[in-house]
Amino acid sequence: QVRLVESGGGLVQTGGSLRLSCAASGSIFSIYVMAWYRQAPGKQRELVATITGRSSTNYGDSAKGRFTISRDNAKNTVNLQMNSLKPEDTAVYYCFADLTTTVSAPRRTYWGQGTQVTVSS
């Protein structure tokens, strides 16, 4: 079974930086999309950034100019570099993947368990 495990969350001050990582393990044949979402208490889950198998990237409005998503294909890992952090970035950050496990399997989506990011004033 495919598992996504996030790491790198923590507590930082306003203006600081964090680097999140998501490691995908198990049988993976082809990755179509990996992404980061976040969810703050009382709010809907929000798209932060996406990256395709061809390394095309997209960002949510709140992330543009401050966050950078990247992939390490050899390690099946996706990263999120977060700079100039603000208190409103405080949320649980979730890793997402859309992939196939074998040459004949259909595309499926997977979610990680999430990692907490807290930005203090």
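Residues numbered from 1 in each chain as written. Predicted model: local features only at pLDDT ≥ 70, side-chain atom pairs only at ≥ 80, totals over all residues. Heavy atoms only, no water.

K.L.:
Describe the overall build of the protein, naming the residues involved and giving the relevant values.
P.N.:
Along the backbone of the protein there are 0 helices and 11 strands. The linear arrangement of helices and strands in the protein, starting from the amino end, is β-β-β-β-β-β-β-β-β-β-β. Counting only C-alpha atoms and orienting by the principal axes, one finds that the protein spans roughly 50 × 25 × 25 Å. The buried share of the protein, reckoned over its 121 residues, is 37%. Put simply, of all contacts in the protein between residues at least 6 apart along the chain, 56% involve residues at least 24 apart. Total accessible area on the protein stands at roughly 6600 Å², and carbon and sulfur atoms take up 47% of it. (Helix = DSSP H or I, 4+ residues; strand = E, 2+ residues; numbered from the N terminus. Buried < 20%, exposed > 50% of the residue type's maximum accessible area, 1.4 Å probe, protein only. Contact = heavy atoms within 4.5 Å. Areas by Shrake-Rupley, 256 points an atom, 1.4 Å probe, with all protein chains shown as cover.)

K.L.:
Outline the state of the cysteines, listing residues and values.
P.N.:
A complete count under the given rule lists 1 disulfide for this structure. Residue pairing for cysteine 22: its cysteine sulfur links by disulfide to cysteine 95, the two sulfurs lying 2.0 Å apart. Between cysteine 22 and cysteine 95, the disulfide has an S-S torsion of -85 degrees and is therefore left-handed. Here the residue cysteine 22 occupies a position in strand β3 (residues 18-25), and cysteine 95 occupies one in strand β9 (residues 91-100), the gap between them amounting to 73 residues. Taken individually, cysteine 22 and cysteine 95 each receive the classification buried, so the pair is uniform in this respect. (Disulfide = S-S within 2.5 Å.)

K.L.:
For the pairing of strand β11 (residues 115-120), give the residues involved together with the corresponding values.
P.N.:
Only one face of β11 is covered, namely the face carrying Thr115, Val117 and Val119; the face carrying Gln116, Thr118 and Ser120 is uncovered. In this structure, strand β2 (residues 10-13) lies alongside β11, joined through 4 bridges in parallel fashion. Pairing of valine 12 across the sheet is with valine 119, part of β11. Judged from the 3 bridges that link them, β9 and β11 form a sheet pairing that is antiparallel. Counterpart to valine 92 in the pairing with β11 is glutamine 116. (Pairing = 2+ DSSP bridges.)

K.L.:
Any chance you could break down the pattern of salt bridges for me, citing the residues and the numbers?
P.N.:
Under the defined criterion, the tally for this structure stands at 5 salt bridges. The residue arginine 38 makes a salt bridge to glutamate 46 at a minimum N-O spacing of 3.0 Å. Given the relative accessible area of 31%, glutamate 46 is considered partly exposed. One salt bridge in this structure joins lysine 64 and aspartate 61, with 3.5 Å as the shortest N-O distance. A single burial state applies to lysine 64 and to aspartate 61, both of which are exposed. Because the salt bridges share partners, they merge into one network encompassing Arg38, Glu46, Arg66 and Asp89. (Salt bridge = Lys/Arg side-chain N within 4 Å of Asp/Glu carboxyl O.)

K.L.:
Outline the side chain of threonine 77, listing residues and values.
P.N.:
Inspection of the secondary structure puts threonine 77 in strand β8 (residues 77-82). A polar contact of 3.1 Å, which involves the side chain of threonine 77, links it to the backbone oxygen of lysine 75. (Polar contact = N/O pair within 3.5 Å; in protein donor to acceptor, adjacent residues only side chain to side chain.)

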